[in-house]
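Observations on chain architecture
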Amino acid sequence: MNPIVSIRNLSISYPGAGARSAVKHINMDILPGQAVGLVGESGCGKTTLALALMGMLPPGCDHRGEIIISGQKVDFYQRPGQPSARDHCAMIFQNPQTSLNPVISIGTQINRIIQRYSRLKKSAIPDRLAELLMLVGLPDHCGKLYPHELSGGMQQRVLLAMALAREASILIADEPTTALDAGTRLQILNLLKQLQEKQNLSLLLISHDLSAIARVCQQVAIVYQGRIVEQAPQKLIYTQPRHPYSAGLLAAIPKIHPKRPRKLQTLLGEANHATEQSGCGFASRCPRREAYCEQQLPPLNATLEKNQHFACFNPRPLPTVRK
Amino acid sequence: MTASLKSAKFSSRYKLPALGTLIFIGFIGILLTLAVYPLAEWQTISPDRFAGISLEHPLGTNALGQDIASRAEKASWHSLRIGFLVALCAGLLGVSLGLLSGWYAGRWPDTVILWLTGVMEAIPFYLFVAALAYALRQFNWSMELAMVITFWTTMARLIRAEVIRLKQRDFILSARAIGLSPGRTLTAHILPNTLPVLLVQLSMIFIAAIKAEVILSFLGLGNNSNISWGQMISESTHEVISGHYMNFVSASILLFMLIYSISLITDSLQTRSDPRQGIA
Amino acid sequence: MPIYLRKTLHSLSLLLGVTFISFLLMVYFGPDRSYAIAGKNPDTAQLEEIRQQLGYDQPFLNRYFTYIKDLASLNLGQSESNGKPVSQLLAETIPVSLMVLLPGFLVGNLLALLLAMVAAWYRHSWPDRLLTNLSLAGVSVSFLIIIILLSTWLCTPQGLNLFPSRGWRVDSLASWFTYATVPSLALIIVTVFFNLRFYRALLLDEMQQDYIRTARAYGAGPFSIMFKEALPNTLIPFLTRLLFSLPAILVSGSLLLESYFGIPGVGKVSFDAIFNADQPVLNAIVSLSAILVIVIAWLADFIYPYLDPRINLQAETP
Ligand SMILES: Nc1ncnc2c1ncn2[C@@H]1O[C@H](COP(=O)(O)OP(=O)(O)OP(=O)(O)O)[C@@H](O)[C@H]1O
Ligand code: SF4
Ligand SMILES: [Mg+2]
């Protein structure tokens, strides 16, 4: 199957950041109907990548590489309102409260997008609105309400409805559940998964929460300081993480009913953003570091198992198969 | 590329306030030079009407043969004096009332001060000046007094808002927790933090006072014992038609120089305290 | 207490304050009319009688209440310089002032808003820099200077000499253009300079909000972003500025404009009243314009909930 999104060797640095890039040499494919998770700690460049996909980078960024969506190259500084590659993408944001226009009713906000992207007749728009609201699990009368009259979960549903109204084939969700409470978070993730499957959307789900990704995604990429350090099918990442950073992230997930009570682990230290080192970026925090790690940058290689890529000289060993 | 970006940032950030400072220093410099090397007496009437530019009359003379340069110099001092005086007094009044009402926000001193602010803002300024000037006929400073009485309100509102905002901050809460008196807390901890807002508003009052004085004295509502830019402009309205521009040009350029230079400096102050609002 | 009742009471208390001050200044310390009425060389008995008729011998509070009663019943008295009832004088002049000022005021504000949109859209690049720098220089030019320059350029033989330099004989649209163009232009220029940077700051603030990012992500173009997304969010500060500068323009702006161009509006009337110490006229203008300010503020509180659904007068706690 041909990928619908392919990111080729993408590097981006913000103006004034000097040589330090927010995103470095990223290669990534998203297949039609596939859900890909992007995990990493705060500041590792997840939002930057999403904005690049939308052609919405702030002016003055330095970039290399390219993104191709459905065979069309993305213009990173797309002027608003012009037709472009990003018409295939819809994006929902971290903070639903501020992402909706506070003085315009929900219905009007969704209608504007329907009008812009569908070829429906004017008279058919109210029906489409009702349909979309139903799809995201909102009662009909919500159309008349204003954002402040909705809970955070409902607001995120409205943004999802807007994304669907766009009739895009790719949905980018940038930390869609971070601002929500635990119960609502689950509902929204389930809705996201259900919609993605029903509408056969390609999904890029961004989060710093591995458990959220596990619920929804088939493929996972782990990002550290702008680089993908491990990329693999969801199952492999969770059962046999090879990169020490992935393992650290996994160990930091609290388990609610652990068979054996386990001490919650935290990653030692903090990401070192200040300098651009020549060796492995994770070296200063890595429990498996060896002297040679700091000499050279570990490339993102596929090892024996073809679909698990990781950038590490001294990866965690594969778990021994028990007979 | 980064270096050029940085220097571009530097220039746009400092060029305009630097220009403002330069104009202001130039303005004051000329006035000080003229204080050392005095010009002709500004009131002296001579038969030399509408004289052109000469060594004796650097800006020529007006319809009465009076030296325009020395009149402009006197008018400049007059404007500066009014600007500083009104800014100082209205500023003091506004700051004290603002501190008081911010501190007692929601209680009666606040209610009274807010009411007073509302009342003063509802009265049309020019008519208030005229009425006050009439009521205080014997008093030479009625125009300045009227400005002070009306110009403090915005300052009070801004300082009040700042105090209410700062009162919730940890360092104020802890200062109060260790038992610092309200007076000390206000003057030692809150007031210094309102400084950006305070300075910007002070120069706004300065500008407003000078502009208002020019219009008032143009209309003949000013203090007639002093020469002012407004009077010069008022004289000049008849002269301009017959092609004598010096009175008008010198008064209006000096007025523009003073206000523009202060505006440039104020704007950069404002940009620094709220980076979103200013130029560049 | 319900919030609208509180607001109304507050407005009434402001009215009381304003009328008190104008009473104090205009009536109590204002010109003594007894001499004017008594004519030349009055004797003390005559004067005493006139003072009694005028109520000057009454105690302070009584006079104040009489004053409020007169004002409330729109019993504004008669002009002392020409004997006309003040209410008739105002009825004649207010429409003239509105004709001179309102078009320029509205056009100036709209133009400022449009230019502010351009500046906010191109923030920090050259159109923005040009506009903001121009308006900073522009507000530094006195209104007076703008009026003189414009009229010298457009109304004198020194310049283009297209319009009469003074006067007002307006009975049709064409004559309106003859007499009101230059004053309106002057007003438009100051209004644009005065408001541009404020409106730009308002819009720029909105442009940085997340919902604008959402709109951009969902394909909204520049027009849509400015007018349909950002503008509705700036409506309250925009209207506030518009409404609250209206009384100032009507009274203070017209004072300069109308006395300069010799237009018989409220400004000219108050200018004449100032110089003739025509106390009933001044009094009426000060009180009425203050009342206008307070009524506008009172009305604004009731309009705002329609502009921003988050404002709810009933739910607001004191
Ligand atoms: N507009 C900007 N200008 C300059 N630097 C920026 C800008 N936005 C982000 N950065 C920097 O780029 C890096 C990546 O930021 P990004 O927002 O992509 O991170 P993120 O992974 O989305 O983090 P978070 O989880 O906090 O949202 C960070 O170091 C950040 O400081
Ligand atoms: S390359 Fe070395 S330092 Fe980097 S993650 Fe692997 S083991 Fe750790
Ligand atoms: Mg982010």
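One structure accompanies this document, and this report is about it. Model, not experiment: these values are computed from the prediction.

Let's shift gears to the overall build of chain C. From N to C terminus, chain C includes 12 helices and zero strands. Helices and strands in chain C line up, N terminus first, as α-α-α-α-α-α-α-α-α-α-α-α. By principal-axis analysis of the C-alpha atoms, chain C measures approximately 85 × 65 × 35 Å. Per-residue burial for chain C yields a buried fraction of 50% across its 318 residues. Sequence separation of 24 or more characterises 71% of the internal contacts of chain C that already satisfy a separation of 6 or more. Counting every atom, chain C has about 14,700 Å² of accessible surface; 66% of that belongs to carbon and sulfur.

We now examine the overall build of chain A. Looking only at helices and strands, chain A has nine helices and 12 strands in total. Across the 323 residues in chain A, those meeting the buried criterion constitute 51%. For chain A, the exposed area adds up to about 15,600 Å²; of that, 52% sits on carbon and sulfur atoms.

Here we come to helix α7 (residues 182-193) of chain B. Residue and element names in this part refer to chain B. Under the 1.5 Å per step criterion, the end-to-end length of α7 is 15 Å for 12 residues, consistent within 8% with the ideal 16 Å. Of all the residues in α7, the buried ones are Thr185, Leu186 and Ile190. Along α7, the residues classed as buried sweep out an arc of 95° about the axis, all on the same side.

Here we take up the sheet that holds strand β2 (residues 23-30) of chain A. All names here are of chain A. Pairing is antiparallel in the open sheet, where four strands are placed in the order β2-β1-β4-β5. Of all strands in the sheet, those with a lone pairing partner are β2 and β5 (72-73), marking the two edges. Looking at chain direction, strand β4 (residues 62-69) and β5 are connected through two bridges and run antiparallel. Bridge pairing in β5 places isoleucine 68 opposite lysine 73. Running at roughly 120° to strand β1 (residues 5-13), helix α1 (residues 46-54) makes contact with β1, β2 and β4 of the sheet.

Here the focus is the packing of helix α1 (residues 3-28) of chain C against helix α4 (residues 60-72) of chain C. Residues and elements named next belong to chain C. Direction vectors running N to C along α1 and α4 enclose 110°, while the axes themselves pass 10 Å from each other. In terms of orientation, α1 lies roughly perpendicular with respect to α4. Here α1 runs over α4; the crossing is right-handed. For the pair formed by α1 and α4, the contact residues are Leu16, Thr19, Phe20, Ser22, Phe23, Leu24, Val27 and Tyr28 on the first element and Phe60, Arg63, Tyr64, Tyr67, Ile68 and Leu71 on the second. Grouping the amino acids of the contact of α1 with α4 by side-chain chemistry returns 11 nonpolar, two polar and one charged.

What follows is about the site of ligand 1. Residues and elements named next belong to chain A. Neighbouring ligand 1 are Tyr14, Ala22, Glu41, Ser42, Gly43, Cys44, Gly45, Lys46, Thr47, Thr48 and Glu175. A distance of 3.4 Å separates a nitrogen atom of ligand 1 from a polar side-chain atom of tyrosine 14. Here an oxygen atom of ligand 1 sits 2.9 Å away from a polar atom, N or O, in the side chain of glutamate 175. Here the residues of the shell around ligand 1 sort into three nonpolar, five polar and three charged.

So, on to the interface of chain B and chain C. On the chain C side, the residues contacting the 49 residues of chain B number 51 residues. Overall, the association of chain B and chain C removes approximately 4,100 Å² of surface from exposure, summing both partners, and the carbon and sulfur fraction of that is 75%. In this assembly, chain B and chain C are joined by one salt bridge. Across the pair B:Asp267 and C:Arg197 runs a salt bridge whose closest N-O atoms are separated by 2.9 Å. The tally of links from chain B across to chain C stands at four residue pairs in polar contact (both at pLDDT 80 or more). When residues of the side of chain B that touches chain C are traced back to their parent elements, those giving at least two are α1 (2-36), α3 (108-122), α4 (125-135), α8 (195-219), α9 (229-241) and α10 (246-273) of chain B. Tallying contributions element by element places α10(B) first for the side of chain B that touches chain C, with 10 residues. When grouped by side-chain class, the residues that make up the side of chain B that touches chain C number 33 nonpolar, 11 polar and five charged.

A few words on the site of ligand 2. Close to ligand 2 lie A:His243, A:Pro244, A:Cys280, A:Phe282, A:Ala283, A:Cys286, A:Arg288, A:Cys293, A:Pro298, A:Cys312, A:Phe313 and A:Asn314, which account for all nearby residues. Tallied by class, the residues present in the shell around ligand 2 amount to nine nonpolar, two polar and one charged.

Attention now moves to the pairing of strand β10 (residues 227-233) of chain A. Residues and elements named next belong to chain A. Across the seven residues that make up β10, a large majority, five, are buried. Of the strand pairs in this sheet, strand β9 (residues 219-224) and β10 are connected by six bridges, and their pairing is antiparallel. Counterpart to isoleucine 222 in the pairing with β10 is glutamate 230. With antiparallel pairing between neighbouring strands as the criterion, β9 and β10 make up a hairpin whose turn holds two residues, including glutamine 225 at a positive phi of roughly 45°. Pairing geometry for β10 and strand β12 (residues 309-310), over two bridges, is antiparallel. Looking at the pairing, glutamate 230 lines up with phenylalanine 310 of β12.

Residue and element names in this part refer to chain C. In the structure shown here, the tally under the stated rule is 23 aromatic pairs over all chains. A ring pair is formed by phenylalanine 271 and phenylalanine 275, whose centres lie 5.0 Å apart and whose planes are at 55°; its orientation type is tilted. You can see phenylalanine 271 and its partner phenylalanine 275 sitting in helix α11 (residues 266-276), four residues apart, about one turn around the helix. Judged by relative accessible area, which is 43%, phenylalanine 275 ranks as partly exposed. In this structure, arginine 241 packs its charged tip against the face of phenylalanine 198, placed 4.2 Å from the ring centre.

Below, the discussion takes up the environment of B:Phe218. Within the secondary structure, B:Phe218 sits in helix α8. Judged by its relative accessible area of 13%, B:Phe218 falls in the buried class. Residues B:Phe218 and B:Val112, spaced 106 residues apart in sequence, show a C-alpha to C-alpha distance of 36 Å. Leaving out residues up to four positions away in the same chain, B:Phe218 has contacts with B:Gly230, B:Ile233, B:Ser234, B:Thr237, C:Leu144, C:Ile148, C:Leu256 and C:Tyr260.

Residue and element names in this part refer to chain B. On the surface, Leu85, Phe139, Trp141 and Leu145 cluster together to form a nonpolar patch covering roughly 340 Å² of accessible area. When you line up the elements, leucine 145 lands in helix α5 (residues 142-167). Using a relative accessible area of 31% as the deciding quantity, one classes leucine 145 as partly exposed.

Residue and element names in this part refer to chain A. With the rule as written, the count across this model stands at 20 salt bridges over all chains. Among the ionic pairs, arginine 128 bridges to glutamate 167, the shortest N-O distance being 3.5 Å. Residue arginine 128 is found in helix α4 (residues 125-135), and its partner glutamate 167 is found in the loop between α5 (152-165) and β7 (170-174); the two are separated by 39 residues along the sequence. Looking at glutamate 167, the relative accessible area reads 45%, which means it is partly exposed.

Turning to unusual backbone geometry, a few remarks are in order. A positive phi is found at A:Ser70, a non-glycine position, where the angle reads about 50°. Mapped onto the secondary structure, A:Ser70 falls in the loop between β4 and β5. Among the residues examined, A:Ser70 registers a relative accessible area of 39% and is labelled partly exposed. A positive phi angle, close to 50°, is found at C:Ala277, a residue other than glycine.

What counts and what doesn't
Residues numbered from 1 in each chain as written. Chains lettered and ligands numbered in written order. Predicted model: local features only at pLDDT ≥ 70, side-chain atom pairs only at ≥ 80, totals over all residues. Heavy atoms only, no water. Helix = DSSP H or I, 4+ residues; strand = E, 2+ residues; numbered from the N terminus. Buried < 20%, exposed > 50% of the residue type's maximum accessible area, 1.4 Å probe, protein only. Contact = heavy atoms within 4.5 Å. Areas by Shrake-Rupley, 256 points an atom, 1.4 Å probe, with all protein chains shown as cover. Expected span 1.5 Å × (residues − 1). Arc of directions from axis to C-beta. Pairing = 2+ DSSP bridges. Axes fitted to C-alpha atoms, helices over the stretch in contact; angles between N-to-C directions. Parallel < 35°, antiparallel > 145°, perpendicular 65-115°, else oblique. Left-handed = near helix turned anticlockwise from the far one by under 90°. Nonpolar A, V, L, I, M, F, W, Y, C, P; charged D, E, K, R; others polar. Near = heavy atom within 4 Å. Polar contact = N/O pair within 3.5 Å; in protein donor to acceptor, adjacent residues only side chain to side chain. Buried area = accessible area lost by both parts, 1.4 Å probe. Salt bridge = Lys/Arg side-chain N within 4 Å of Asp/Glu carboxyl O. Phe/Tyr/Trp six-rings, centres within 6.5 Å; stacked < 30°, edge-to-face > 60°. Lys NZ or Arg CZ within 6 Å of the ring centre and 35° of its normal. Patch = residues over 30% accessible without salt bridge, like charges linked within 9 Å, V, L, I, M, F, W, Y side chains within 5 Å.

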